[in-house]
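The residues making up each chain are set out below.
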Amino acid sequence: MTETSIRTRFGLYGRHSRAFPSIWYNSTVRAVNRYPAGGPERLLDWDYPGTVQRHNTYDAFWKARAAAEHLDQIKVPVLSIGVWSKVDLHLNGNIVGFQRTTSEKKLLVFGSSSLFAAVADFSSERFHEQYLRPFYDHYLKGEKTSYPDEPKVRYFLNGADEFRSSTTWPPENIEYRPIYLSAGPTGSVES
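Residues numbered from 1 in each chain as written. Predicted model: local features only at pLDDT ≥ 70, side-chain atom pairs only at ≥ 80, totals over all residues. Heavy atoms only, no water.

1. A few points about the side chain of Lys106
What counts here: Only runs of H or I of at least four residues qualify as helices and only runs of E of at least two qualify as strands under DSSP, and these elements are numbered from the N terminus. Only protein chains enter the accessibility calculation, which uses a 1.4 Å probe; a residue whose area is less than 20% of its type maximum is buried, one above 50% is exposed, and one in between is partly exposed. Charged residues are defined here as Lys and Arg on the positive side and Asp and Glu on the negative side; His and the ends of the chain fall outside this count. Only one rule defines a salt bridge in this text: a Lys or Arg side-chain nitrogen within 4 Å of an Asp or Glu carboxyl oxygen. Any pair of nitrogen or oxygen atoms within 3.5 Å is treated as a polar contact; in protein, a donor-acceptor pairing is required on top of that, and neighbouring residues in sequence qualify only through side-chain atoms on both sides. In what follows, a contact means two residues having at least one pair of non-hydrogen atoms within 4.5 Å.
Inspection of the secondary structure puts Lys106 in strand S2 (residues 105-110). One buried charge, Lys106, has no salt-bridge partner; the nearest side chain with opposite charge is Glu150, at 6.5 Å. Looking at Lys106, its side chain comes within polar contact range of the main-chain oxygen of Tyr147, at 2.6 Å. Ignoring sequence-local partners within four residues, the contact set of Lys106 consists of Val78, Leu79, Ser80, Phe98, Tyr147, Pro148, Asp149, Glu150, Pro151 and Lys152.

Below you can see the structure in the form of structure tokens.
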């Protein structure tokens, strides 16, 4: 995780959130950990909320445990799949992961309009057949698939309503433009 995502996730900007770590941990981690595949002795027993309180900045404790700090050590092929509607949370990890991982890698960014649309996309049989199966069959079964012929980066361009490709992220052909904020409506978007 990046320092920004740690701070955002733990509520370190503004008022420190004491409730979020407990709610997230107990509803997400504990819920899927109730019946671990390795049996009851494999249950995760960790005071996550208390740990967040003791380490409420991105200190050495979190750096030692953060995947983002060790991405350059990944040796297995990576297919990182993100979605624009999660740009402030998960997509950052997809992009940073793609940039820092030194193994064979590809990045795919979808333009799903919402979290619910993204879940529907990712859960569909078509998605698995088109994107995941060629990756798995190529690397896990050694089969000849379309995966090696796919571009390194594919991303959905919302305004054009199409996928584009690139060899890098950010794409080489993008144009950076300054955006200036002013008081009052600009008429550039509807709110």
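Now that the structure is up, let's keep going.
2. Quick look at the pattern of salt bridges
Side chains that differ in sign of charge can pair as their charged atoms come close. Under the criterion given, the structure shown has 6 salt bridges. Between Glu129 and Arg133 there is a salt bridge, with the nearest N and O atoms lying 3.4 Å from each other. You can see Glu129 and its partner Arg133 sitting in helix H7 (residues 125-140), 4 residues apart, about one turn around the helix. Under the relative-accessibility criterion, Glu129 is labelled partly exposed at 42%. By relative accessible area, Arg133 is classed as partly exposed at 42%. Arg164 serves as the salt-bridge partner of Glu162, at 2.7 Å between the closest nitrogen and oxygen. Of the residues examined, Glu162 reaches a relative accessible area of 34% and is grouped as partly exposed.

3. Let's talk about the sheet that holds strand S4 (residues 162-166)
Worth spelling out the cut-off: Here a strand pair is declared whenever DSSP counts at least two bridges between the two strands. Each axis is a line fitted through C-alpha atoms, and for a helix only the stretch in contact is used; angles between axes span 0 to 180 degrees, taken between their N-to-C directions.
One open sheet holds the 4 strands; their spatial order is S1-S2-S3-S4, and the pairing between them is mixed. The open sheet has two edge strands with one neighbour each: strand S1 (78-83) and S4. Shown here is a sheet whose adjacent strand axes are inclined to one another by a mean of 20 degrees, direction ignored. Relative to S2, S1 is paired through 6 bridges, and the arrangement is parallel. By the bridge assignment for S2, Gly82 is matched with Val109.

4. With respect to the pairing of S2
Regular strands show a simple pattern: their side chains alternate between the two faces of the sheet. The condition is simple: Seen with the strands pointing away from the viewer, any crossover whose path from the first strand over the helix to the second strand runs clockwise is right-handed.
Of all the 6 residues making up S2, 6 are buried; the element is thus mostly covered by neighbouring parts of the structure. Judged by which residues are buried, S2 turns out to be covered on both faces: Lys105, Leu107 and Val109 on one side and Lys106, Leu108 and Phe110 on the other are all buried. Once the chain exits S1 it traverses helix H5 (residues 90-100) before rejoining the sheet at S2, and the crossover so formed is right-handed. Sheet topology places S2 next to strand S3 (residues 153-157); 3 bridges connect them, and they run parallel. Bridging from a neighbouring strand, Leu107 pairs with Val153 of S3.

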